[in-house]
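Below are the chains, spelled out letter by letter.
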Amino acid sequence: MTKAKSALLLFLLNWLKDAGTNARSRTLTVADSEAYGKVESYLPDNWKSGQATIQYAK
């Protein structure tokens, strides 16, 4: 992963950390299941499958 992609991923994950904490439902849209698999371990629990709806852009 490039330095720029790492920085972007860190920014997005920090934003997600506090986003939707009071929501009744959450939807995370990612490019495809492979993309979700790459970021799943970094996601806060409330943004993982089972706690949020995961939808794929493709």
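Keep in mind it's a predicted model, so treat the numbers as computed, not measured. (Residues numbered from 1 in each chain as written. Predicted model: local features only at pLDDT ≥ 70, side-chain atom pairs only at ≥ 80, totals over all residues. Heavy atoms only, no water.)

Novice: Looking at this structure, how should I read the layout of surface pockets?
Specialist: Picture a little ball the size of a water molecule; that probe, rolled over the atoms, points out where space is still empty. When its volume is computed, the largest pocket comes out at roughly 530 Å³. As for the largest pocket, its lining consists of 16 residues, and the residues nearest its centre are Met 1, Leu 9, Ala 35, Lys 38 and Val 39. Those elements giving two or more residues to the lining of the largest pocket turn out to be helix H1 (3–18), strand E1 (27–30) and helix H2 (33–39). It is H1 that provides the largest number of residues to the lining of the largest pocket, a total of six residues. Residue classes in the lining of the largest pocket are distributed as 13 nonpolar, one polar and two charged. (1 Å grid on protein atoms, 1.4 Å probe; cavity = no way out; pocket = protein on both sides within 12 Å on 5 of 7 lines; lining within 4 Å. Points joined across faces, edges and corners; volume = space filled by probe spheres on them. Helix = DSSP H or I, 4+ residues; strand = E, 2+ residues; numbered from the N terminus. Nonpolar A, V, L, I, M, F, W, Y, C, P; charged D, E, K, R; others polar.)

Novice: What should I look at first to understand the side chain of Arg 26 in this one?
Specialist: Mapped onto the fold, Arg 26 is located in the loop between H1 and E1. Classification of Arg 26 by relative accessible area gives buried; the value is 12%. If near-sequence neighbours (up to four positions away) are discounted, Arg 26 is found in contact with Gly 20, Thr 21, Asn 46, Trp 47, Gln 51, Ala 52 and Thr 53. (Buried < 20%, exposed > 50% of the residue type's maximum accessible area, 1.4 Å probe, protein only. Contact = heavy atoms within 4.5 Å.)

Novice: Any chance you could explain the environment of Leu 12 here in plain terms?
Specialist: Following the sequence through the fold, Leu 12 ends up in helix H1. Spatially, the C-alpha atoms of Leu 12 and Glu 34 are 18 Å apart, while their sequence positions differ by 22 residues.

Novice: What should I look at first to understand the confidence of the model for the protein in this one?
Specialist: Segments scoring low in pLDDT should not have their predicted coordinates read at a detailed level. Per-residue confidence for the protein gives a mean pLDDT of 88; residues scoring 70 or more make up 100%. Here H1 stands out as the least confident element of the protein, with mean pLDDT 83; strand E2 (residues 53–56) is the most confident, with 96. (pLDDT = per-residue confidence, 0-100.)

Novice: What exactly am I supposed to notice about the pairing of E1 here?
Specialist: Successive residues of a regular strand alternate their side chains across the two faces of the sheet. In E1, alternate side chains face the same way, and those of Leu 28 and Val 30 are buried while those of Thr 27 and Thr 29 on the opposite face are not. In the sheet, E1 pairs with E2 via four bridges, with the strands oriented parallel. Residue pairing in the sheet places Thr 29 in a bridge with Gln 55 of E2. Note on the crossover from E1 through H2 to E2: the handedness is right-handed. (Pairing = 2+ DSSP bridges. Right-handed = clockwise from strand over helix to strand, strands pointing away.)

Novice: Is there a simple way to think about H1 in this case?
Specialist: Structurally, the α-helix is built with 3.6 residues per turn, so residues lying three or four positions apart point the same way. Between its terminal C-alpha atoms H1 stretches 24 Å, which fits the 22 Å expected from 16 residues at 1.5 Å a residue. Buried within H1 we find Leu 9, Leu 13 and Leu 16. When H1 is viewed along its axis, its buried side chains cluster within an angular range of 60° and face the same direction. For H1, the exposed residues set more than 90 degrees away from the buried face come down to Lys 3, Ala 4, Leu 10, Phe 11, Trp 15 and Asp 18. Looking at the buried side of H1, the elements it contacts are H2. Among the residues trailing H1, Gly 20 stands out with phi positive, at a value near 75°. (Expected span 1.5 Å × (residues − 1). Arc of directions from axis to C-beta.)

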